[in-house]
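Close look at the chain arrangement
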Amino acid sequence: MRICIVAEGCYPYVVGGVSSWINSMIKSFPEMEFIILSIVANRTFRAKFKYELPENVTEVHELYLEDFDWVKKKRGKPLKLNKEEYDALRSLLMNQNVKWTEIFHLFSKKRLCLNQLLMGEDFFMAVRDCYQLRYSEVTFSDFLWTMRSIYLPLFLTLQMDVPKADLYHCVATGYSGILGSMAKERYNCGLLISEHGIYTREREEEIIRAKWVKGIYKSIWIEQFKKMSMLAYHKADAVTSLYAHARELQIELGCPEAKTIVTPNGIDVSRFANVAQENNEPDKIHIGAVLRVTPIKDVKTLIRAFAYAKKRVSNLKLWIMGPTDEDEDYAGECFALVDTLKVQDVVFTGRVNVPDYLGRMDLTILTSISEGQPLTILESYAAHKPVIATDVGNCRGLIYGEDDNFGEAGILTHIMNAEEIAGAMVEMARQKTRREAMGEAGYKRLMAKYKIEDMKATYKKIYRGFED
């Protein structure tokens, strides 16, 4: 079977998280052929892979969402849509009974020039209708240019010549779901959607916090992402999530319940079977943070919390283990914060082989403001280490359990609460017996439910279902 993995903003350009999951999935099925369709911002990412691709990956295709100079003048006759095409375009902009089949057909035409469409009369008229019915309180010229900006990445996605496969496995809804839905329409292939976080909710949270978009335009962007996700949910043959509450959110957002399946993450426990436990600094309490130094991981709160905790427990040491080159400005701010606070014993290791370090840690920590079901927590459990984590995604279920009686495997905190996180560090540092018991509880929870073998068996059954 030929499977197309569709990934947005991750594999194979970013390490950890969803990228690690994709790499692990591909390696778990060496008998199957995989092609990668990766959605990235622009051509600066081209072929800059952070992973050595498994041998069963035969093709990599890239879609660039910022790959069009749409103010550049184009020669040729003005683009004019027929009535059916215009009605489809209008339904898309109005988000009223969107005629997706007609939209797919329109953008499959080789003659379609996005510049002529976005700057042409038909798009102008459809935007004007939308403006007059819903948004007439704002300046029309601003509204028109914003709509062009909103629809450009979607139109670039719709214009892509998607490769043929037996199954499209989209690791999100959004633009990934658009590509999968197009492929299903064109090739009558299977369509599987796997959400690690709930795409619509994550984009909504980002837009609400964003400073670059204001007023009603926040609502328009949010509606755009919901629209794309609804298409993916309804076109998909099956929709997976990592834990029960995520499944509930999918149903709440409009995914047909009968399509939903809970498929927990799984890791290769054998990688951590012989982690080195020796510690060159036995007088220290070592806290490991395995993460990308990016805003979503909220490393600044982690540093502030550690500074507070170290004033109470002087022998703490923080290891921040992960790449610092994905958002160099943010990483620089984190380095500067350590200097400003004059906090000692903070080590930025850069990218590391995690098993080489976990054995030396007394506990690990994750201060993210958004997560799905973090693999780093499962890896910590594989090394018998307890976890401090913020109450996002499935962290609560991983720490306290959902359907077992193994007990607490760490401490849960609120997001962006440096004092509370510091308190959890102090509590862990001062209670060695409890800390070690938590690590064992995490290991038992991992072995009961979150092994790579469990995940492989689940997806093998799903994949085989598409061969019938």
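Reference entry: report on the structure contained in this document. (Residues numbered from 1 in each chain as written. Predicted model: local features only at pLDDT ≥ 70, side-chain atom pairs only at ≥ 80, totals over all residues. Heavy atoms only, no water.)

One open sheet accounts for 6 strands, arranged β10-β9-β8-β11-β12-β13; its pairing is parallel. Looking along the sheet, the strands with just one partner apiece sit at the ends: β10 (346-350) and β13 (410-413). Direction aside, neighbouring strands of the sheet carry axes that sit 20° apart on average. Contacts from helix α11 (residues 299-312) reach β8 (285-290), β9 (316-321), β10 and β11 (363-366) within the one sheet, and its direction differs from that of β9 by about 165°. (Pairing = 2+ DSSP bridges. Helix = DSSP H or I, 4+ residues; strand = E, 2+ residues; numbered from the N terminus. Axes fitted to C-alpha atoms, helices over the stretch in contact; angles between N-to-C directions. Contact = heavy atoms within 4.5 Å.)

Strand order across the open sheet formed by 7 strands is β3-β2-β1-β4-β5-β6-β7, with parallel pairing between neighbours. Edge positions in the sheet fall to β3 (57-64) and β7 (260-262), since each of these pairs with one other strand and no more. Across this sheet, the average inter-strand angle for adjacent strands is 20°, counted without regard to direction. Of the strand pairs in this sheet, strand β2 (residues 33-40) and β3 are connected by 7 bridges, and their pairing is parallel. Bridge pairing links Ile36 to Val60 in β3.

So, on to the packing of helix α16 (residues 418-430) against helix α17 (residues 432-449). α17 packs onto α16 with a crossing angle of 100° between their chain directions and a minimal axis gap of 5 Å. In terms of orientation, α16 and α17 fall into the roughly perpendicular class. On α17, the residues that touch Glu427, Met428, Ala429 and Arg430 of α16 are Lys432, Arg434, Arg435 and Met438. Tallied by class, the residues present in the contact of α16 with α17 amount to 3 nonpolar, no polar and 5 charged. (Parallel < 35°, antiparallel > 145°, perpendicular 65-115°, else oblique. Nonpolar A, V, L, I, M, F, W, Y, C, P; charged D, E, K, R; others polar.)

On to the environment of Ala409, then. Turning to its location among the elements, Ala409 is positioned in the loop between α15 (395-400) and β13. Taking C-alpha positions, Ala409 is 5.9 Å from Gly439, a pair spaced 30 residues apart along the chain.

Here the focus is helix α10 (residues 244-252). Along an α-helix, residues three or four positions apart point the same way, because every turn accommodates 3.6 residues. Taken together, the buried positions of α10 are Ala246, Leu249 and Gln250. Here the buried residues of α10 occupy an arc of 100° about the axis, which is enough to place them on one side. In the core, the buried residues of α10 are packed alongside α8 (199-209), α9 (216-235), β6 (238-241) and β7. With its phi angle positive at about 115°, Gly254 sits one or two positions after the end of α10. (Buried < 20%, exposed > 50% of the residue type's maximum accessible area, 1.4 Å probe, protein only. Arc of directions from axis to C-beta.)

Attention now goes to the environment of Phe335. Take Phe335: it is sitting in helix α12 (residues 328-341). In this structure, the C-alpha to C-alpha distance between Phe335 and Lys50, residues 285 residues apart in sequence, is 23 Å. Other than its neighbours up to four places away in sequence, Phe335 contacts Thr324 and Phe348.

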